[in-house]
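Coordinates in review
Here are the chains, one letter per residue:
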Amino acid sequence: MLKEFVTWWARQWLDLLPPQLTATNRWSNALVIDLPTERDETGSIPFALIRRLRGKETPLGRFRTDDSGIAAIRRARRVKGRSLDILLRLWPGALLEHRFAIPLAAEHDAAEVLRYEIDRVTPFTAEDIFWTWEAERRDRERGRLFVRLSLVPRASVLSGLRVLAAAGLSPRRLEVAAEDGSLRHLPLQTDARAGETLQRGVVRVLAAVCAVLAIVAGVLPFVFQQARIQHTEREIAQLQPRVSEAVMLRRRILGQAAGADVIAAAEVRIGDAVQALAAVTEVMPDNTFLTAFSLSQRNLSLTGQSTDPAGLIAAMSADPMIASPSFSAPVTAAPTGKGSLFSINAELAP
């Protein structure tokens with residue numbers, strides 16, 4: 001419980017820190033091994049060696065994973081008496097990403113939740129990939145946490161890792177560019193939780209903040225304490241009549257709220273039809289219209305006509321409120337010759 005609280009508290013501070021002190025800046029000093037997509041016919045793996053200091057990269061040449069290449073890595077890694085962390089940079093296109101929603105209450109255990117969700121939302125298991133995740137948005141009203149899952153198949157880098165491991169070199173992260181050009185850093189451990197290990201710079205900042213807060217708390221004067229207590233007592237006396245009136249109103253409201261609680265419980269169990277209709281309308285393209293819509297026990301049943309039924313399935317799958325959309329009957333041509341008739345079943349996400 002204490003570990004979970006410390007992790008949550010650290011995440012709140014990380015959200016307040018400037019980008020220069022967060023995870024991205026940690027890898028501003030590193031030795032980058034840039035792997036190409038092709039492989040050498042001799043069995044060795046060609047790679048480019050790049051030294052990154054304070055975010056500035058300096059190419060050191062191209063090598064192969066033979067004795068001379070391994071020696072070059074060891075030499076380039078030493079800078080001013082210390083060893084740089086090794087990053088394994090992959091080619092563009094090696095990164096796969098998927099966005100979906102999980103319950104907001106599971107945020108502190110998101111890594112474990114995602115581990116069981118990977119084989120459902122991707123064609124891989126957690127043991128077949130290197131992966132990490134990042135929270136992109138929190139919907140506190142609906143209790144949903146929208147996350148971005150970034151992954152790389154292990155098979156694409158396994159040969160390179162084996163060669164480096166045999167030479168006693170252990171890369172810390174996989175570095176790969178996303179479609180928007182931003183870099184993703186995937187841990188090479190089994191447990192991939194974004195931001196799980198606080199960076200050294202962040203730890204120093206947090207330690208400094210804690211020290212300042214401790215000093216401030218130790219020197220704060222208490223001479224105003226009694227005055228504040230007296231002021232509070234006067235306010236309590238003035239508010240007492242209003243408190244009594246509020247208690248009476250609360251009793252009345254509780255009596256009237258019983259019916260509303262029953263309705264709310266039913267909506268949770270069977271789903272909100274208005275909310276479901278709004279979600280379907282939002283994803284439905286202009287070339288599609290419905291002839292029938294039903295909701296029963298959170299199960300949606302849609303019938304209609306569209307010029308692109310397959311595209312409708314894809315659009316519904318991308319909406320976090322709609323789960324497992326699929327055709328419940330064969331798609332047939334419309335009698336008018338324009339579009340196709342479809343029947344789709346789906347689930348309304350909780």
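Residues numbered from 1 in each chain as written. Predicted model: local features only at pLDDT ≥ 70, side-chain atom pairs only at ≥ 80, totals over all residues. Heavy atoms only, no water.

**Thoughts on the overall build of the chain**
Tallying secondary structure elements over the chain gives 9 helices and 16 strands in all. Split into buried and exposed, the 350 residues of the chain put 34% on the buried side. Taking the contacts inside the chain whose residues are at least 6 apart along the sequence as the reference set, 59% of them involve residues at least 24 apart. Carbon and sulfur atoms form 57% of the exposed surface of the chain, whose accessible area is close to 21,700 Å². (Helix = DSSP H or I, 4+ residues; strand = E, 2+ residues; numbered from the N terminus. Buried < 20%, exposed > 50% of the residue type's maximum accessible area, 1.4 Å probe, protein only. Contact = heavy atoms within 4.5 Å. Areas by Shrake-Rupley, 256 points an atom, 1.4 Å probe, with all protein chains shown as cover.)

**Section: unusual backbone geometry**
Excluding glycine, residues mostly carry a negative phi; peptide bonds, for their part, are mostly trans. The phi angle at Lys80 is positive, at roughly 55 degrees, despite the residue not being glycine. Although it is not a glycine, Ser324 sits at a positive phi angle of roughly 55 degrees. Within the secondary structure layout, Ser324 lies in strand S14 (residues 322-327).

**Remarks on the pattern of salt bridges**
Here the structure, examined in full by the defined rule, presents 15 salt bridges. When the shortest N-O distance is used, the salt bridge between Arg172 and Asp85 registers 3.3 Å. Within this pair, whereas Arg172 is found in the loop between helix H5 (158-166) and strand S10 (173-177), its partner Asp85 is found in the loop between strand S5 (82-83) and strand S6 (86-89), the two being separated by 87 residues in sequence. Residue classification places Arg172 among the partly exposed residues on the basis of a relative accessible area of 30%. A cluster of three or more residues bridged by salt bridges with shared partners is formed by Glu97, Arg99, Glu134, Glu136, Arg148 and Arg184. (Salt bridge = Lys/Arg side-chain N within 4 Å of Asp/Glu carboxyl O.)

**A closer look at helix H3 (residues 67-77)**
The set of residues buried in H3 consists of Gly69, Ile70, Ala72, Ile73 and Ala76. Take H3 and look down its axis: the buried residues cluster within an arc of 155 degrees, on one side only. Every exposed residue of H3 that faces more than 90 degrees away from the buried side is listed here: Asp67 and Arg75. Where H3 is buried, its residues meet strand S1 (30-34), strand S2 (46-53), strand S3 (56-64), strand S4 (78-79), S6 and H5. (Arc of directions from axis to C-beta.)

**Here we look at the sheet that holds S3**
Strand order in this open sheet of 6 strands is S3-S2-S1-S6-S10-S11, and the pairing throughout is mixed. Both edges of this open sheet fall to S3 and strand S11 (183-187), since each of them pairs with a single strand only. Within this sheet the neighbouring strands show an average axis-to-axis angle of 25 degrees, counted without direction. One ladder, built from 5 bridges, connects S10 with S11; its direction is antiparallel. Bridged to Leu174 within S11 is Leu186. Relative to S2, H3 is tilted by about 5 degrees, and along the sheet it contacts S1, S2, S3 and S6. (Pairing = 2+ DSSP bridges. Axes fitted to C-alpha atoms, helices over the stretch in contact; angles between N-to-C directions.)

Scope: geometric values only; no functional claims are made or implied.
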